[in-house]
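Coordinates in review
The primary structure of each chain is shown beneath.
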Amino acid sequence: CRTGVGCFHNMHDEDFFKYVLMLVFENRVKIEVAHKKWNAIYSKLGDFRKAAQYDKKKIEKLIKDKDIRLWGISRKVPATKHNARGMLKIIEEYGSFRKYLESFIDSEGLRKDMRKRFKEIGGTNARAFQKYVGFIPMVKDNKNVRRILARLGFIESENVSFRKIRAVCEAM
């Protein structure tokens, strides 16, 4: 699996937190702006075990940090601490974040649970997270995708299983 298509079965807790952090900081901000500051954001907030321990003074310092300053920063930094604690709680409860994901039968249940557990993660961000880590496919199953893949010779016919289509798309 490649990053962006994801294969959550091969990911570690730190990888999952990276995506949660990314979604929090991209929320309500132009993606290009967030990406320019990503290295600084990740270096200062990417270790969820440390972020979970940040005190009020550290949070205030980070909110004022020009290297990571974005719109809504006064909510994003405290949300990161909350989310880091949420990660630790999930790991304590399930053994790993991957096992937490595996405990869900469908994406809707996971989406609802993520919205409850994590701050600054709404329904759209929870769905994006699921796509990033490969919990749900990046490609929707529809007749146009099937037709195009068949015409290009990637699948034998338009009648193959969606599992086959997903495998072909992930291999691209």
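Look up: the structure comes first, before these words.
In this text, all values refer to a predicted model and were calculated from it rather than measured experimentally.

Scoring rules and cut-offs
Along each chain, numbering runs from 1 in the same order as the chain's sequence is written. Reporting in this predicted model follows two pLDDT cut-offs: at least 70 for local features of residues, and 80 or more for side-chain atom pairs to be given and counted; totals over whole chains, interfaces and linings ignore these cut-offs and use all residues. Water and hydrogen atoms play no part in the side-chain values, which are based on all heavy atoms of the structure. Every case where a carboxyl oxygen of Asp or Glu lies within 4 Å of a side-chain nitrogen of Lys or Arg is listed as a salt bridge. Exposure is judged per residue with a 1.4 Å probe applied to protein chains only, and the accessible area is read against the type maximum: over 50% gives exposed, under 20% gives buried, and values in between give partly exposed. Numbered from the N terminus, helices here are DSSP runs of H or I no shorter than four residues, and strands are runs of E no shorter than two. For Phe, Tyr and Trp, where Trp contributes only its six-membered ring, two rings pair if their centres lie within 6.5 Å, and the inter-plane angle classes them as stacked under 30 degrees, edge-to-face over 60, or tilted in between. The convention used is that axes are lines fitted to C-alpha atoms, helices contributing only their stretch in contact, and that angles between N-to-C directions extend from 0 to 180 degrees. Working rule for angles: under 35 degrees goes down as roughly parallel, over 145 as roughly antiparallel, 65 to 115 as roughly perpendicular, anything else as oblique. By convention, the crossing between two helices is left-handed when the near helix turns anticlockwise from the far helix through less than a right angle, and right-handed when the turn is clockwise. Note on contacts: a residue pair is in contact if any heavy atoms of the two residues lie within 4.5 Å. Note that Gly is not counted as nonpolar here; it falls among the polar residues with everything else outside the nonpolar set of Ala, Val, Leu, Ile, Met, Phe, Trp, Tyr, Cys and Pro and the charged set of Asp, Glu, Lys and Arg. Throughout, the arc means that of the directions going from the helix axis to the C-beta atoms. In plain words, nonpolar cores are sets of buried Ala, Val, Leu, Ile, Met, Phe, Trp, Tyr and Cys residues tied together by side-chain atoms within 4.5 Å. Here, expected helix span is obtained from the residue count minus one, scaled by 1.5 Å.

This next bit is on the pattern of salt bridges. The full count for this structure, using the stated rule, is nine salt bridges. One salt bridge in this structure joins Lys-66 and Asp-67, with 3.6 Å as the shortest N-O distance. Judged by relative accessible area, Lys-66 falls into the exposed class, the value being 64%. By relative accessible area, Asp-67 is classed as partly exposed at 37%. We note a salt bridge from Glu-102 to Arg-98, for which the minimum N-O separation is 3.1 Å. Linking Glu-102 with Arg-98, this pair stays in helix H6 (residues 97-102), spanning four residues, or about one helical turn. For Glu-102, a relative accessible area of 36% puts it in the partly exposed group. On the accessibility criterion, Arg-98 (24% relative accessible area) is partly exposed. If you follow the salt bridges from partner to partner, you end up with Lys-44, Asp-65, Lys-66 and Asp-67 in one network.

Counting across every chain of the model gives 10 aromatic pairs. Ring geometry for Phe-97 versus Phe-118: centroids 6.4 Å apart, planes at 50°, classification tilted. Of this pair, Phe-97 sits in helix H6 while Phe-118 sits in the loop between helix H7 (107-117) and helix H8 (123-132), and the two are 21 residues apart along the sequence. A relative accessible area of 0% means that Phe-97 is categorised as buried.

Turning to the packing of helix H1 (residues 13-26) against helix H2 (residues 31-45), a few remarks are in order. It is at 10 Å that the axes of H1 and H2 come closest, and there the two elements cross at 135°. One way to sum up the angle between H1 and H2 is to call them oblique. Of the two elements, H1 crosses H2, and the hand of that crossing is right-handed. From H1, Phe-17, Lys-18, Leu-21, Met-22, Phe-25 and Glu-26 reach across to H2, where they touch Ile-31, Ala-34, His-35, Trp-38, Ile-41, Tyr-42 and Leu-45. Each residue belonging to the contact of H1 with H2 can be placed in one class, and the counts come to 10 nonpolar, one polar and two charged.

Here we take up H8. Looking at H8, one finds that the buried residues are Gly-123, Asn-125, Ala-126, Phe-129 and Gln-130. In a view along the axis of H8, the buried residues occupy a sector of 165°, so they form one face of it. Buried-residue contacts for H8 involve H1, H6 and H7. Residue Gly-134 follows H8 closely and has a positive phi angle near 85°.

We now examine the nonpolar core. Core analysis: the biggest nonpolar cluster contains 45 residues, and Leu-101 and Phe-129 have the highest contact counts within it. Taken together, the elements giving at least two residues each to this core come down to H1, H2, helix H3 (48-51), helix H4 (56-64), helix H5 (73-94), H6, H7 and H8. The dominant element in this core, judged by the number of residues it contributes, is H1, at nine residues. If near-sequence neighbours (up to four positions away) are discounted, Phe-129 is found in contact with Phe-16, Tyr-19, Val-20, Leu-23, Phe-97, Leu-101 and Met-114.

This paragraph deals with H1. With 14 residues, H1 ought to run about 20 Å at 1.5 Å a step, and its terminal C-alpha atoms sit 20 Å apart, in line with that. Most of H1 is tucked away, with 11 of its 14 residues classed as buried. Of all the positions in H1, only Asp-13, Phe-16, Phe-17, Tyr-19, Val-20, Leu-21, Met-22, Leu-23, Val-24, Phe-25 and Glu-26 are classed as buried. On its buried side, H1 packs onto H2, H3, H5, H6 and H8.

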